Amino acid sequence: MQKTNTKNEDIIIVGAGLAGSEAAFQCAQRGLKVSLFEMRNENPESLTPAHKTSLCAELVCSNSFRNSNPTTSAVGILQREMIACNSLIMKHAENNRLPAGSALAVDRNKFAASVNEEISKHPLINLQRKKIDDLPKNIPTIIATGPLTDSILASKIQKLTQQNNLAFFDAIAPLVYYESLDHSLLWKQSRYNKSFINNENLNNAEKENNVENDGDYINVPLDKNQYYEFINNIKNAETHPIHTWEKNTPYFEGCLPIEVMAERGVETLRFGPMKPVGLKNPNDENSRHNLYAVVQLRRDDQQGRLWNIVGFQTKMTYKEQIKILKTLPGFKNVEFARLGGLHRNTFVNAPQILNKFLTIKNQPNIKLAGQIVGVEGYLESAAIGLLAAIFAAQEILNQKNIMPPIQCALGALMTHVSGERKNKLSTKIPEYQPMNINFGLLPNLVENQTQKKEKIRGKEKKARLAEVAEKHFAQWQAEINTSA
Ligand SMILES: Cc1cc2nc3c(=O)[nH]c(=O)nc-3n(C[C@H](O)[C@H](O)[C@H](O)COP(=O)(O)OP(=O)(O)OC[C@H]3O[C@@H](n4cnc5c(N)ncnc54)[C@H](O)[C@@H]3O)c2cc1C
């Protein structure tokens, strides 16, 4: 990717979602002039099936960037690395944080509005509300148009890469209004009382709003009979029809609709999002015996008006969702701010069509970034946007491309995208499927024979992996800073 244009921009970025916004900011921070194109505008017809606003970096479903503890979660390690890279997305996520245990949940509107504002005001970023139908030629470009890439551009990418698009289904969980629930039947508690609020981590806005220190989740208790009846209702529910062109599209395992989980076995949900562990119902003295399953709701906005039913993504028809969810304790008069839904999700076979620095092999001026390269999740999408920008800037500024090492989360994610993981870890990867960051992507800890004998496991292993990641990440950062 050589610098070929000096008039209007150094780089074009298409799509101002999580990846595109991060990429634009990172390029601009490196002194590049950015033209950022986003098709969404004030006209509702310009929106994708999942976006509701024209704001940059809108979160289309959950309001969570997931676990932010690096010693227990690889997501936490990725967050830490992104913060160290001066990530735009992480900065605004932290600034708009809501109480959600160890998860980094945000007020979605404030988050997107503040990213939008920073992008719009940045002196080196020219945000243009325009749909791009053709792949730019000659000018360095990052395509970050996401899982709902407009069909015309998607077909151009498909044609260029001579690949059949791969796709899977992603589902959205319903949102309910706090005041419509009967709280006398529910209680607030974080699992094992691990409350974000208890960490004394509230921002000033939350302190001013008197966020209560009584647990971050609303819990809906179910006894054994209620649970089996609920599962039965889900199994018998009518679902949205699947179009013929979607017939062979698989589900993403990390985001299965509840009816698919219920079909897998009557106890599946009870060992998944409905697990009753780490909770005690204060309204029920025999809670230990009666709490067979639980539905959890997580705050979705700062005022605490909107609550997301955790893990309840679904493709049941709206009528069935309303009917079945109203049978839950405390839900008799529930009002929904949004019902669950299902969308097709498009991504390319990155190991085949991209080089290891995210450039399309047969079109060297174009990089792909975000979910479209086959990562899954807000954070991972933003992380790939960040890396695409770093690589693009290195090329434009005639610096050496340096890959983050596999031992850190950014590097581990890249080895998935580039297919390198298969070579480095000799892992058998059957087919290219979207991936969240997870400890399984990081290489085994064993560095010498003594450690081999020690067989570090569980929490200790995660903490060690986090330590190793930190060390290798710091080395990479020092290296790219030196070569800049
Ligand atoms: C329905 C659904 C639900 C999801 N739920 C979650 C969730 O709960 N948690 C989670 O972590 N991840 C979720 N994901 C996955 C993923 O994290 C998000 O889709 C994330 O937004 C991807 O980031 P991105 O930047 O790659 O794409 P996006 O954030 O979608 O950004 C792409 C941008 O490109 C624009 N665009 C598209 N085509 C064009 C064009 N031709 N010209 C100009 N602009 C264009 C779009 O308008 C959009 O703004 C979900 C995905 C979907 C589809």
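Before reading further, recall that the structure is shown in the block above.
Remember, predicted model here, so these are calculated numbers, not experimental data.

## Brief notes about unusual backbone geometry
In step 1: Backbone geometry places leucine 358, a non-glycine residue, at a positive phi of 75°.
In step 2: With respect to the helices and strands, the residue leucine 358 is situated in the loop between α11 (350-353) and β16 (359-360).
In step 3: Classification of leucine 358 as buried rests on a relative accessible area of 0%.

## Some points on helix α4 (residues 108-121)
In step 1: Taking 1.5 Å per residue as the helical rise, α4 with its 14 residues ought to reach 20 Å, and the 20 Å between its terminal C-alpha atoms agrees with that figure.
In step 2: Within α4, the full set of buried residues consists of Arg108, Phe111, Ala112, Ser114, Val115, Asn116 and Ile119.
In step 3: Measuring from the side-chain oxygen of the N-cap residue of α4 to the backbone nitrogen of asparagine 109 gives 3.2 Å; that N-cap residue is aspartate 107.

## A few points about the site of the ligand
In step 1: Around the ligand, 34 residues are found, and the nearest of them are Glu38, Arg40, Gln371, Gly377 and Tyr378.
In step 2: Between the ligand and the protein, one listed contact pairs a nitrogen atom with a backbone N or O atom of methionine 39 at 3.2 Å.
In step 3: Note that an oxygen atom of the ligand is positioned 2.8 Å from one of the backbone N or O atoms of glutamine 371.
In step 4: Elements with a contribution of two residues or more to the shell around the ligand: α1 (18-29), β2 (34-38), β8 (166-172) and α12 (378-396).
In step 5: Residues belonging to the shell around the ligand are distributed by class as follows: 14 nonpolar, 13 polar and seven charged.

## Some details on the pattern of salt bridges
In step 1: Enumeration according to the criterion identifies 15 salt bridges in this entry.
In step 2: Close ionic contact of glutamate 320 with lysine 323 constitutes a salt bridge, the shortest N to O distance being 3.2 Å. Of this pair, glutamate 320 and lysine 323 both sit in helix α10 (residues 318-325), three residues apart, roughly one helical turn.
In step 3: Because the salt bridges share partners, they merge into one network encompassing Glu38, Arg40 and Glu58.

## Some details on the nonpolar core
In step 1: Formed by 95 residues in total, the largest nonpolar core has its most connected members in Phe65, Phe111, Leu368 and Val373.
In step 2: A per-element tally of this core places α12 first, with 14 residues.
In step 3: Setting aside chain neighbours within four positions, we find leucine 368 in contact with Ile143, Val348, Ile353, Leu354, Leu358, Ile360, Val373 and Ala388.

## Brief notes about the sheet that holds β16
In step 1: If you trace the six strands from one edge of the open sheet to the other, you get β6-β2-β1-β7-β17-β16, paired in mixed fashion. Each edge of the open sheet is held by one strand with a lone partner, namely β6 (125-129) and β16.
In step 2: Where strand β1 (residues 11-14) lies against β2, four bridges are found, and the strand directions are parallel. By the bridge assignment, isoleucine 11 is partnered in β2 with valine 34.
In step 3: Packed on one face of the sheet, α12 meets β1, β7 (141-143), β16 and β17 (363-368) and runs near 155° to β17.

## Describing the packing of aromatic side chains
Any two aromatic rings considered together are summarised by their centre-to-centre distance and by the angle between their planes.
In step 1: The tally for this structure, following the rule as stated, stands at nine aromatic pairs.
In step 2: Each member of the aromatic cluster is reached from another via a ring pair, and the members are Phe65, Phe111 and Tyr378.
In step 3: Here the basic side chain of arginine 270 rests over the ring of tyrosine 292, its NZ or CZ set 3.8 Å away from the ring centre.

## Overview of the sheet that holds strand β3 (residues 64-67)
Each strand in a sheet pairs with its neighbour through backbone hydrogen bonds, running either in the same direction (parallel) or in the opposite one (antiparallel).
In step 1: The strand order across the open sheet formed by three strands is β3-β5-β4, and the pairing between neighbours is antiparallel. Edge strands, defined here as strands with exactly one partner in the open sheet, are β3 and β4 (97-98).
In step 2: Examined bridge by bridge, β3 and strand β5 (residues 103-106) share two bridges and lie antiparallel to one another. Bridging across to β5, asparagine 67 finds its partner in alanine 103.

The rules we used
- Residues numbered from 1 in each chain as written.
- Predicted model: local features only at pLDDT ≥ 70, side-chain atom pairs only at ≥ 80, totals over all residues.
- Heavy atoms only, no water.
- Helix = DSSP H or I, 4+ residues; strand = E, 2+ residues; numbered from the N terminus.
- Buried < 20%, exposed > 50% of the residue type's maximum accessible area, 1.4 Å probe, protein only.
- Expected span 1.5 Å × (residues − 1).
- Polar contact = N/O pair within 3.5 Å; in protein donor to acceptor, adjacent residues only side chain to side chain.
- Near = heavy atom within 4 Å.
- Nonpolar A, V, L, I, M, F, W, Y, C, P; charged D, E, K, R; others polar.
- Salt bridge = Lys/Arg side-chain N within 4 Å of Asp/Glu carboxyl O.
- Core = buried A, V, L, I, M, F, W, Y, C linked by side-chain atoms within 4.5 Å.
- Contact = heavy atoms within 4.5 Å.
- Pairing = 2+ DSSP bridges.
- Axes fitted to C-alpha atoms, helices over the stretch in contact; angles between N-to-C directions.
- Phe/Tyr/Trp six-rings, centres within 6.5 Å; stacked < 30°, edge-to-face > 60°.
- Lys NZ or Arg CZ within 6 Å of the ring centre and 35° of its normal.

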